[in-house]
Amino acid sequence: MSKQAKRVALLTGGSSGIGLSTVRMLIGRNWTVYTMSRRPCPVAEARFVQGDVNDETSVRLVIQTVIAEQGQLDALICCAGNGLAGAVEDCTSDEVAYQFQTTWFGLDKTIRACLPTMRKQGGGTIITISSVAAVVPIPFQTYYSAAKAAILHYTKALPLEVRAWNIRCSCILPGDTKTGFTAARRYAVASQSDESAYGVKMKDSVGRMERDEQNGMSPDKIARAICRQLDKRHPAISVVPGWNYKLFALLVRILPNRFVLRVVGMLY
Ligand SMILES: NC(=O)c1ccc[n+]([C@@H]2O[C@H](COP(=O)([O-])OP(=O)(O)OC[C@H]3O[C@@H](n4cnc5c(N)ncnc54)[C@H](OP(=O)(O)O)[C@@H]3O)[C@@H](O)[C@H]2O)c1
């Protein structure tokens, strides 16, 4: 098989949700897919390597495995992530670190480990998963919003460094999507105590967000947006899947910040 015909992807977080849908879609489009997560990926045709994005050794090992077996890595898709809910005042430093660990540091670790391979082979596409919360921050998920905003900026700055080696980057910003994310969300312990000054409001707001997630888009919609970018020679810098969220993101750019945040405050 020629190098052009065979395309090899490494995807983190393929055991559930957006990552799992993307694995299925890529396999259907004839990609060779390696996927890394702590729980197994149920897609038999994907090559599953158990690992944690926070563990440098397992990240390096999965990349070595891809290169040893395929000799190339055309795409990296970073889907591994999780959420923390709780008022800023109620969060401990460990809880804040938990939010940034996988979502931000794990993503950065994986990308940094892949860059030498993509640079030496003269190309590759990196897809990061941020969130609409990167452009419209949400209360009681302040650290999540900040981590996702960091991903968006990182994905914009990185191509400026790696363009010379034909490495492309694209950031996907999903809105509410029906996945395992809702059930996996952690709550700051102090936020759940009756003594929290924010507890009642936090539970009401995050409860509403969780209902929106579980009534949200299919992860296949996000997977399609990812696959579309992988097929492009020049992928979009950022993509908001779904027309309603696209319109929302556009309005956010046009309307005054104070107004937008007021509306968010009224909704949540
Ligand atoms: N669902 C939404 O409404 C929504 C909206 C905007 C953005 N997003 C983002 O979309 C991405 C995917 O989330 P999802 O909605 O598909 O949630 P999900 O169904 O909970 O999937 C999360 C995936 O991340 C993996 N993961 C978590 N910690 C990991 C670690 N330490 N090492 C390796 N893999 C790890 C999980 O695998 P294991 O647990 O097996 O390790 C799982 O496969 C996340 O970055 C999330 O922030 C989701």
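Preceding this paragraph is the structure being described.
The present account deals with the structure reproduced in this document. Just so you know, these numbers come straight off a predicted model, no measurement behind them. (Residues numbered from 1 in each chain as written. Predicted model: local features only at pLDDT ≥ 70, side-chain atom pairs only at ≥ 80, totals over all residues. Heavy atoms only, no water.)

In this section: the nonpolar core. One finds Ile77, Ile111, Ile126 and Ile226 to be the most contacted residues of the largest nonpolar core, which totals 78 residues. At 9 residues, the largest contribution of residues to this core is made by helix H3 (residues 93–121). Contact partners of isoleucine 226, with chain neighbours within four places excluded, come to Ile18, Thr22, Ile77, Ile127, Ile129 and Ile172. Core analysis: the second largest hydrophobic core is formed by 5 residues, Ala85, Ala87, Phe140 and Met202 among them. (Core = buried A, V, L, I, M, F, W, Y, C linked by side-chain atoms within 4.5 Å. Buried < 20%, exposed > 50% of the residue type's maximum accessible area, 1.4 Å probe, protein only. Helix = DSSP H or I, 4+ residues; strand = E, 2+ residues; numbered from the N terminus. Contact = heavy atoms within 4.5 Å.)

This brings us to the site of the ligand. Taken together, 30 residues lie around the ligand, and Ser16, Arg38, Arg39, Tyr144 and Thr179 are the ones closest in. Side-chain polar atom of aspartate 52 to a nitrogen atom of the ligand: 2.9 Å apart, as the coordinates give it. The contact in question runs from an oxygen atom of the ligand to an N or O atom on the backbone of glycine 81, over 3.4 Å. Computed on the free molecule, the ligand has an accessible area of 880 Å², of which 96% lies beneath the protein chains in the complex. Among the elements of the structure, helix H1 (17–28) and helix H4 (142–162) are those that each provide at least two residues to the shell around the ligand. Taken together, the residues of the shell around the ligand break down into 8 nonpolar, 16 polar and 6 charged. (Near = heavy atom within 4 Å. Polar contact = N/O pair within 3.5 Å; in protein donor to acceptor, adjacent residues only side chain to side chain. Areas by Shrake-Rupley, 256 points an atom, 1.4 Å probe, with all protein chains shown as cover. Nonpolar A, V, L, I, M, F, W, Y, C, P; charged D, E, K, R; others polar.)

Quick look at a nonpolar patch on the surface now. Residues Leu247, Leu250, Leu251, Ile254, Leu255, Phe259, Val263 and Leu267 make up a contiguous nonpolar surface patch of roughly 700 Å² in combined accessible area. Among the elements of the structure, helix H8 (243–254) and helix H9 (257–267) are those that each provide at least two residues to the nonpolar patch. Top element by residues in the nonpolar patch is H8. It accounts for 4 residues. As for its position among the elements, leucine 250 is in helix H8. (Patch = residues over 30% accessible without salt bridge, like charges linked within 9 Å, V, L, I, M, F, W, Y side chains within 5 Å. Salt bridge = Lys/Arg side-chain N within 4 Å of Asp/Glu carboxyl O.)

With that settled, the discussion passes to the side chain of arginine 185. With respect to the helices and strands, arginine 185 occurs in the loop between helix H5 (181–184) and strand E8 (186–187). A distance of 3.3 Å separates a polar atom in the side chain of arginine 185 from a polar atom in the side chain of glutamine 141. A polar contact is formed between the side chain of arginine 185 and the side chain of glutamate 213, at a distance of 2.6 Å. Excluding its chain neighbours within four sequence positions, the residues that come into contact with arginine 185 are Gly83, Ala85, Gln141, Val206, Glu210 and Glu213.

The terminal C-alpha atoms of helix H6 (residues 199–214) lie 22 Å apart, and with 16 residues this matches the ideal 22 Å at 1.5 Å per residue to within 8%. Among all positions in H6, only Gly199, Met202, Ser205, Val206, Gly207, Met209, Glu210 and Glu213 are buried. Packing partners of the buried residues in H6 comprise strand E5 (84–85), H5 and E8. (Expected span 1.5 Å × (residues − 1).)

Let's shift gears to the packing of H1 against helix H7 (residues 219–230). For the pair H1 and H7, the least separation of the axes is 8 Å and the interaxial angle reads 55°. Relative to H7, H1 is oriented oblique. Remark: the crossing between H1 and H7 carries right-handed chirality. Taking contact as the criterion, the partners of Gly17, Ile18, Ser21, Thr22, Met25 and Leu26 in H1 are, on H7, Pro219, Asp220, Ile222, Ala223, Arg224, Ile226, Cys227 and Leu230. (Axes fitted to C-alpha atoms, helices over the stretch in contact; angles between N-to-C directions. Parallel < 35°, antiparallel > 145°, perpendicular 65-115°, else oblique. Left-handed = near helix turned anticlockwise from the far one by under 90°.)

Bringing the environment of phenylalanine 100 into the picture now. Tracing the backbone shows phenylalanine 100 in helix H3. With 125 residues separating them along the chain, phenylalanine 100 and alanine 225 place their C-alpha atoms 25 Å apart. What phenylalanine 100 contacts, discounting residues up to four positions off in sequence, is Phe105, Tyr143, Ala146 and Ala147.

With that settled, the discussion passes to the sheet that holds strand E6 (residues 124–129). The strand order across the open sheet built from 7 strands is E3-E2-E1-E4-E6-E7-E9, with neighbouring strands paired in parallel fashion. Looking at the sheet topology across the chains shown, the edges are occupied by strand E3 (47–50) and strand E9 (238–239). Each of strand E1 (7–12), strand E2 (31–37) and E3 is contacted by helix H2 (residues 56–70), which is oriented at about 160° to E2, the strand it contacts most. Contacting E6, strand E7 (167–172) and E9, H4 runs over the sheet at an angle of about 165° to E7. (Pairing = 2+ DSSP bridges.)

Relative to the assigned elements, arginine 208 resides in helix H6. In this structure, the C-alpha to C-alpha distance between arginine 208 and valine 239, residues 31 residues apart in sequence, is 25 Å. Excluding its chain neighbours within four sequence positions, the residues that come into contact with arginine 208 are Met266, Leu267 and Tyr268.

For the rest of this paragraph, the subject is the packing of aromatic side chains. For the structure shown, the criterion picks out 3 aromatic pairs. The interplanar angle of 50° and the centroid separation of 5.5 Å between the aromatic rings of tyrosine 144 and phenylalanine 181 together place this pair among those described as tilted. Taken together, the residues tyrosine 144 in helix H4 and phenylalanine 181 in helix H5 connect sequence positions 37 residues apart. On the basis of relative accessible area, tyrosine 144 is assigned to the buried category, the value being 9%. Owing to a relative accessible area of 21%, phenylalanine 181 belongs among the partly exposed residues under this scheme. Here the aromatic residues Trp104, Phe105 and Tyr154 are joined through ring pairs into a cluster of three or more. Cation over ring: arginine 119 sits above tryptophan 165, and NZ or CZ is 6.0 Å from the ring centre. Here the guanidinium or amino end of arginine 186 rests over the ring plane of tyrosine 98, the centre of that ring lying 3.9 Å away. (Phe/Tyr/Trp six-rings, centres within 6.5 Å; stacked < 30°, edge-to-face > 60°. Lys NZ or Arg CZ within 6 Å of the ring centre and 35° of its normal.)

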